[in-house]
Amino acid sequence: MGKLTVHALRAVLVVVLAGTVFVQALMVWALATDPEDGSLPLTPLRVITILGMASAQVALVCVWRLVTMVRRGTVFSDTAFRYVDVVIGAIVAAALVWFAVTALNAPGQRDDPGVTVIMGGVGVAILGVALIVLVLRMLLAQAVARDVEAAQMQAELDEVI
């Protein structure tokens, strides 16, 4: 992975992380100062937003660590699986948070249930991203196995020579 790619990805990660922290801070401030007017269940939506941002932050930190491992050439190790598993868990948590938002929003959409269906579809798409990352994890497992096999073959070859 090139230095420019690493720096660009890290810049994006920092901006997104800062944005999620900013949104969390706003939601905490709103929870403490802004009373509900009764039109929407604002307190649960704010808490759900805070939890959703936390799941995004967990995924961002794990991606940062994985990028660091790629840059150092240590990504083909058992440690990488831990980070990938956490990313998958964070994506599933984000999908569950989205489904909670959909459920809270659904009663207000009785006249137009299409919005709820679309929101449910977005939740399914988020779960699809988790499945894609799971497939990538399986590819990483195959690459690690090939790396171990190549190292063993190189050791055998070194003995012969």
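All values reported here derive from a predicted model rather than from experimental measurement. For every chain, the first residue of the written sequence is number 1, and numbering continues from 1 onward in sequence order. At least 70 in pLDDT is required for a residue's local features to be given in this predicted model, at least 80 for side-chain atom pairs to be given and counted, and no such filter applies to totals for whole chains, interfaces and linings, which use all residues. Neither water nor hydrogens contribute to the side-chain values; these are computed over all heavy atoms in the structure.

Asks: Sorry if this is basic, but what is going on with the overall build of the protein chain here?
Replies: A tally of helices and strands in the protein chain yields four helices and zero strands. Here the globule rule reads 2.2 Å times residues to the power 0.38, and the radius of gyration is calculated from C-alpha atoms. A compact globule built from 161 residues would reach a C-alpha radius of gyration of about 15 Å, whereas the protein chain, at 21 Å, exceeds it by more than 25%. With respect to the principal axes defined by its C-alpha atoms, the protein chain has extents near 80 × 30 × 25 Å. Throughout this description, buried means an accessible area under 20% of the type-specific maximum (1.4 Å probe, protein chains only), exposed means over 50%, and partly exposed covers the range between. In the protein chain, buried positions account for 24% of the 161 residues. Partitioning the intrachain contacts of the protein chain with sequence separation of at least 6 by distance along the chain shows that 71% fall at a separation of at least 24. A 1.4 Å probe and the Shrake-Rupley method give the accessible areas. Residues count as covered only by the protein chains that appear here. When the accessible area of the protein chain is evaluated, it comes to approximately 10200 Å², of which 71% is carbon and sulfur surface. Under the counting rule used here, the positive set is Lys and Arg, the negative set is Asp and Glu, and His together with the chain ends is not counted. Charge positions are represented by NZ for Lys, CZ for Arg, CG for Asp and CD for Glu. Taking the 10 positively charged and 12 negatively charged side chains of the protein chain as two groups, their mean positions are separated by 8 Å. A helix here means a DSSP run of H or I that spans at least four residues, while a strand means a run of E at least two residues long, and both kinds are numbered starting from the N terminus. Should any heavy atoms of two residues lie within 4.5 Å, those residues are counted as being in contact.

Asks: Help me understand the packing of helix H1 (residues 3–33) against helix H2 (residues 42–72) in this model?
Replies: The description of two packed helices rests on the angle between their axes and on the distance between the axes. Interaxial angles span 0 to 180 degrees and are taken between N-to-C directions of axes, which are lines fitted to C-alpha atoms, for helices over the stretch in contact. Contact pair H1 / H2: the axes reach a minimum separation of 9 Å and the direction vectors enclose 160 degrees. One way to sum up the angle between H1 and H2 is to call them roughly antiparallel. As for how H1 packs across H2, the hand of that crossing is left-handed. Each residue is assigned to one class: nonpolar for Ala, Val, Leu, Ile, Met, Phe, Trp, Tyr, Cys and Pro, charged for Asp, Glu, Lys and Arg, and polar for all the others, Gly among them. Split into classes, the residues belonging to the contact of H1 with H2 amount to 21 nonpolar, six polar and four charged. These descriptions rest on fixed angle ranges, namely under 35 degrees for roughly parallel, over 145 for roughly antiparallel, 65 to 115 for roughly perpendicular, and the rest for oblique. Crossing handedness is defined as follows: a turn of the near helix away from the far one that is anticlockwise and smaller than a right angle gives a left-handed crossing, while the clockwise case is right-handed.

Asks: For this particular structure, what's the right way to read the packing of aromatic side chains?
Replies: Two measures describe an aromatic ring pair: the distance that separates the ring centres and the angle between the ring planes. Two aromatic rings from Phe, Tyr or Trp, using only the six-membered ring of Trp, form a pair when their centres are within 6.5 Å; if the ring planes differ by under 30 degrees the pair is stacked, by over 60 it is edge-to-face, and anything between is tilted. Applying the stated rule across the entire model yields zero aromatic pairs. The residue whose ring lies beneath Arg-82 is Tyr-83, and the NZ or CZ to ring-centre distance is 5.6 Å. Here, over-ring charges are defined by two tests on the NZ atom of lysine or the CZ atom of arginine: distance to the ring centre within 6 Å, and angle to the ring normal within 35 degrees.

Asks: How should the nonpolar core be read in this particular structure?
Replies: Inside soluble globular proteins, nonpolar side chains tend to come together where they are buried. Here the nonpolar core consists of buried residues drawn from Ala, Val, Leu, Ile, Met, Phe, Trp, Tyr and Cys, with membership extended through side-chain atoms lying within 4.5 Å. Ranked by size, the top nonpolar core spans 15 residues in total, and within it Leu-66, Met-69, Ala-80, Val-84, Val-133 and Leu-140 carry the most contacts. Looking at this core, the elements that each hand over two or more residues are H2, helix H3 (78–105) and helix H4 (114–160). The element best represented in this core is H3, accounting for seven residues. Excluding anything up to four places from it in sequence, Ala-80 contacts Leu-66, Met-69, Val-75 and Leu-140.

Asks: Looking at this model, I keep getting lost on the confidence of the model for the protein chain. Mind explaining?
Replies: Predicted coordinates in areas of low pLDDT are best not read in detail. One confidence number per residue, pLDDT, is output by the predictor and ranges from 0 to 100. Counting all residues, the mean pLDDT for the protein chain is 90, and 96% of those residues have values of 70 or more. Mean pLDDT across the secondary structure elements of the protein chain bottoms out at H4, with 91, and peaks at H3, with 94.

Asks: Can you walk me through the environment of Ala-56 in this structure?
Replies: Among the secondary structure elements, Ala-56 is positioned in helix H2. Sequence separation between Ala-56 and Ala-103 is 47 residues, and the spatial gap between their C-alpha atoms is 20 Å.

Asks: Sorry, what's going on with the packing of H3 against H4 here?
Replies: The interhelical angle for the contact between H3 and H4, taken along N-to-C directions, is 175 degrees, at an axis separation of 9 Å. Between H3 and H4, the crossing angle belongs to the class labelled roughly antiparallel.

Asks: In this structure, what is going on with H4? I would like to understand it.
Replies: An α-helical segment advances 3.6 residues per turn. Residues three or four places apart therefore align on the same side. Between its first and last C-alpha atoms H4 spans 69 Å; for 47 residues at 1.5 Å apiece the expected length is 69 Å, and the two agree. Turning to H4, the residues buried within the fold contact H3. For a helix, the expected span equals 1.5 Å multiplied by the number of residues minus one.

Asks: How should a nonpolar patch on the surface be read in this particular structure?
Replies: Only residues above 30% relative accessible area that lack a salt bridge enter a patch, with like-charged residues linked at up to 9 Å and the nonpolar side chains Val, Leu, Ile, Met, Phe, Trp and Tyr linked at up to 5 Å. Every case where a carboxyl oxygen of Asp or Glu lies within 4 Å of a side-chain nitrogen of Lys or Arg is listed as a salt bridge. A surface patch of nonpolar side chains, amounting to about 370 Å² of accessible area, comprises Ile-132, Val-135, Leu-136 and Leu-139. Tracing the backbone shows Leu-136 in helix H4.

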